[in-house]
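Chain and residue survey
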Amino acid sequence: MGVVDGLLGLLFANGRNVVRETAEVFMENRENASAREMDVRGAALDQFAREFAVARKGGFDRFMDGLNRVPRPLMAFGTIGLCVSAMTDPVWFASRMQGISLVPEPLWWLMGAIVSFYFGARYQAKGQDFQRSIAATAAQAPVVAANIEALRALRADADGIGPVYEHEELGASDNPALADWQGARDE
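Note that this is a predicted model, so its numbers are computed, not measured. (Residues numbered from 1 in each chain as written. Predicted model: local features only at pLDDT ≥ 70, side-chain atom pairs only at ≥ 80, totals over all residues. Heavy atoms only, no water.)

A few words on the overall build of the chain. Tallying secondary structure elements over the chain gives nine helices and zero strands in all. When its helices and strands are written in sequence order, the chain yields α-α-α-α-α-α-α-α-α. Buried residues in the chain amount to 3% of all 187 residues. In the chain, the share of contacts with a sequence separation of at least 24, taken over all contacts with a separation of at least 6, comes to 39%. (Helix = DSSP H or I, 4+ residues; strand = E, 2+ residues; numbered from the N terminus. Buried < 20%, exposed > 50% of the residue type's maximum accessible area, 1.4 Å probe, protein only. Contact = heavy atoms within 4.5 Å.)

Here's what the structure looks like:
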């Protein structure tokens, strides 16, 4: 027994497992790989959480956000109102348009710049919100892929040969309606 004890002591002494350590050189330890993958995903989600965290807004910020939403509907409804007033009272509308023709050109340039900056800033803010939502959706891609693989594994046999539920093909003799149809088609 001394030889066997010596051999086992060489392989498993001091809490070591030489066989396992040798095998891990050639094959990845799946449990350790899962732990590393969990750490990587956790770190990525933490980074996304910090990067895309939505700050709490106070009363003034909410008021200003509401105020920023006013110009677009005001301009749209104002234009519709002008069209309606042109149809209902053309003389009143024409007199207002004559007043607008007296506005100096630099004031038109200033108004155009203000409107352009407003819509440009809004376009940029909405674009950044869109990028945040895409990043949040992309962060879910690994979870979705893992779920799809799990569902595919449920569909396959343990041997990977084929689907769990195999359907026998029906011949013409098994289905009377099909046999009648084929007989009518052959005539």
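Here the narrative resumes, following the displayed structure.
A few words now on the packing of helix H5 (residues 71–88) against helix H7 (residues 105–139). Taken N-terminus to C-terminus, the directions of H5 and H7 make an angle of 125 degrees; their axes are 12 Å apart at the nearest point. On the basis of their axis angle, the class for H5 and H7 is oblique. Residue-level inspection shows Pro71, Arg72 and Met75 of H5 in contact with H7, the latter providing Val115, Tyr118, Phe119 and Arg122. (Axes fitted to C-alpha atoms, helices over the stretch in contact; angles between N-to-C directions. Parallel < 35°, antiparallel > 145°, perpendicular 65-115°, else oblique.)

So, on to the pattern of salt bridges. Under the criterion given, the structure shown has four salt bridges. Of the charged contacts in the structure, one is a salt bridge between Arg41 and Glu37, with a shortest N-O distance of 2.8 Å. Of this pair, Arg41 and Glu37 both sit in helix H3 (residues 30–51), four residues apart, which is roughly one turn of that helix. By relative accessible area, Arg41 is classed as partly exposed at 35%. (Salt bridge = Lys/Arg side-chain N within 4 Å of Asp/Glu carboxyl O.)

Looking now at the side chain of Ser85. Relative to the elements of secondary structure, Ser85 occurs in helix H5. Its relative accessible area of 12% is what places Ser85 among the buried residues. The residues touching Ser85, leaving out its near neighbours within four places in the chain, are Pro90, Trp92 and Phe93.

Turning our eyes to something else, we now look at a nonpolar patch on the surface. A cluster of nonpolar residues, Phe60, Phe63, Leu67, Val70 and Leu74, forms a patch on the protein surface that exposes about 540 Å² of accessible area. Looking at which element gives the most residues to the nonpolar patch, the answer is helix H4 (residues 59–68), with three residues. Relative to the helices and strands, Val70 resides in the loop between H4 and H5. The exposure class of Val70 is partly exposed, given its relative accessible area of 38%. (Patch = residues over 30% accessible without salt bridge, like charges linked within 9 Å, V, L, I, M, F, W, Y side chains within 5 Å. Areas by Shrake-Rupley, 256 points an atom, 1.4 Å probe, with all protein chains shown as cover.)

Bringing the confidence of the model for the chain into the picture now. Residues at a pLDDT of 70 or more form 81% of the chain, whose mean pLDDT is 79. Across the chain, element-level confidence peaks in H5 with a mean pLDDT of 90 and bottoms out in helix H1 (residues 2–12) with 65. (pLDDT = per-residue confidence, 0-100.)

Turning to the environment of Ala139, a few remarks are in order. Its location among the elements puts Ala139 in helix H7. Residue classification places Ala139 among the buried positions, given a relative accessible area of 18%. Spatially, the C-alpha atom of Ala139 lies 9.3 Å from that of Arg41, the residues being 98 residues apart in sequence. Discounting chain neighbours no more than four positions away, the residues touching Ala139 are Leu45 and Phe48.

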